[in-house]
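Fold and contact review
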Amino acid sequence: MATELTAPASALPDVAPIQRRTLRLLFGTQIIGGIGVTIGLSVGALLAARVAGTAVAGLAQSAGVVGAALLAIPVTRVMTGHGRRPGLVLAYLVGAVGGVLVVLAAATGWVPLLFLGMLLFGGGTAANLQARYTAVDLAEPARRARQLSLIVWATTIGAVAAPNFAALADRVTHGWGFPALSGPFAFSAAAFVLAAVVLLVLLRPDPLLTARRLAPAAPAATGSPAATGPRAAGMRAAWRVVAVRPAARLGIAAVAVGHLVMVAVMTMTPVRLGESHADVDVLRVVGIVLSLHIAGMYALSPVVGWLTDRVGRRAVILGGVGTLLAACAVAGTAGHHTPLLSVGLVLLGLGWSGTMVAGSTLLSESVPTGVRPSVQGLSDLTMGLAGAGAAAASGFVVRVAGYPTLTLLAAIAVVPLVALALRPAPPSGAPGEED
């Protein structure tokens, strides 16, 4: 049987130009998709409050988070069977349908349609998250983290630019007869369709399918995901693979716990700021603080990726955990001192970046190629549900015990991750290393 080592050179594609083309394409579509996600979400709570009432506005926003998590299952199933291209296209198109349904809900005032639309709108986020994994399918081992982090960094451009387009989108579509605040979701749907079309036409050859062609044949135990083939590698198989690979467990835990801590503290920080600023100033202050937080999350991700490749995945995960602990300490003791809260939120973003980039890289290289999309989808599902749970619980904690207690509980949540990261790495060739 021919493998990468025995096949003639003419039968093997030149990976370097394919990877460069893939990265350029993902970088561009990540900007488009990031604009699509953020331009809608920037007015999502306001639109939900107008359609469904203030009491359930937060739940409508949470529906988008839950939708992104749940959609990871069918999207990665498509990727497992057919490659990255159809999976990403499907996710963006589902997000576009969600944006259209939100516009219809705004026009009709039908609350269930609003929740359904927000749930499907999470497809845009699911596509953006899966794009980071697509970037490492053909990456050289020594450059995986840097190339993954480059795609994460591209999100910064969309996230920063999109809120500035929201008012323009609303004005333009209002003149076309769209309900107030629904225009940004119409623009989001258009952005998702554009990203889907670009990927459908240009993401060739498919990086995941190419990686499978290049993967050397390796014997696998009967009944294992590697043995049963990529089409059989669903979520159940992903659980089995992760269960026997300590590195994969650490990767999933790093991504999920980092996201849980970030969402819990970030969600309630605007409420904390509202306690010390007048209504006329609070939106401006919140905007500045959250912008600094987003910069912490994304702006330095290429540096985080470079460090991950240079000093190792576990070291950067532990550095991210340490930064998250520092963020909780600073934010929890800042009182109503806005500059200190800002520092805490920047540190929170940096800690998230460390756990996200290093954890995602470690996870991707710790599992066989055939089951990799399912395991990555499992990671995004876990991360999304952890974030949604943290957002829902954070308000209750602050109401009962206060913001400092919330930061203390968030800090405690990372303790199991520290223990997992400090466990000795398995010997080379043992489960936990890439097959």
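First, a word on what this report is: a plain description of the structure on this page. (Residues numbered from 1 in each chain as written. Predicted model: local features only at pLDDT ≥ 70, side-chain atom pairs only at ≥ 80, totals over all residues. Heavy atoms only, no water.)

Considering the side chain of Q30
Along the chain, Q30 falls in helix α1 (residues 15-52). Using a relative accessible area of 2% as the deciding quantity, one classes Q30 as buried. Beyond its immediate sequence surroundings of up to four residues, Q30 is in contact with Y92, N128, A131, I151, A154 and T155. (Helix = DSSP H or I, 4+ residues; strand = E, 2+ residues; numbered from the N terminus. Buried < 20%, exposed > 50% of the residue type's maximum accessible area, 1.4 Å probe, protein only. Contact = heavy atoms within 4.5 Å.)

Some remarks on the pattern of salt bridges
Per the stated rule, a full pass over the model turns up six salt bridges. Linking R132 and D380 is a salt bridge whose minimum nitrogen-to-oxygen distance equals 3.1 Å. You can see R132 sitting in helix α4 (residues 111-134) and its partner D380 sitting in helix α15 (residues 372-401), a full 248 residues away along the chain. Here E365 ties to R313 by a salt bridge, and the two come within 2.8 Å at their closest N and O atoms. In this pair, E365 is assigned in helix α14 (residues 338-365) and R313 in helix α13 (residues 313-333), connecting sequence segments 52 residues apart. You'll find E365 and R313 in the same group, each marked buried. Put simply, R144, R146, D309, R313 and E365 are held in one network by salt bridges that share partners. (Salt bridge = Lys/Arg side-chain N within 4 Å of Asp/Glu carboxyl O.)

Some details on the environment of V15
Inspection of the secondary structure puts V15 in helix α1. Accessibility expressed as a relative area gives 22% for V15, which makes it partly exposed. For the pair V15 and P207, spaced 192 residues apart in the sequence, the C-alpha separation amounts to 9.1 Å. Ignoring sequence-local partners within four residues, the contact set of V15 consists of L138 and L214.

Shape is all these values report; function is a separate question.
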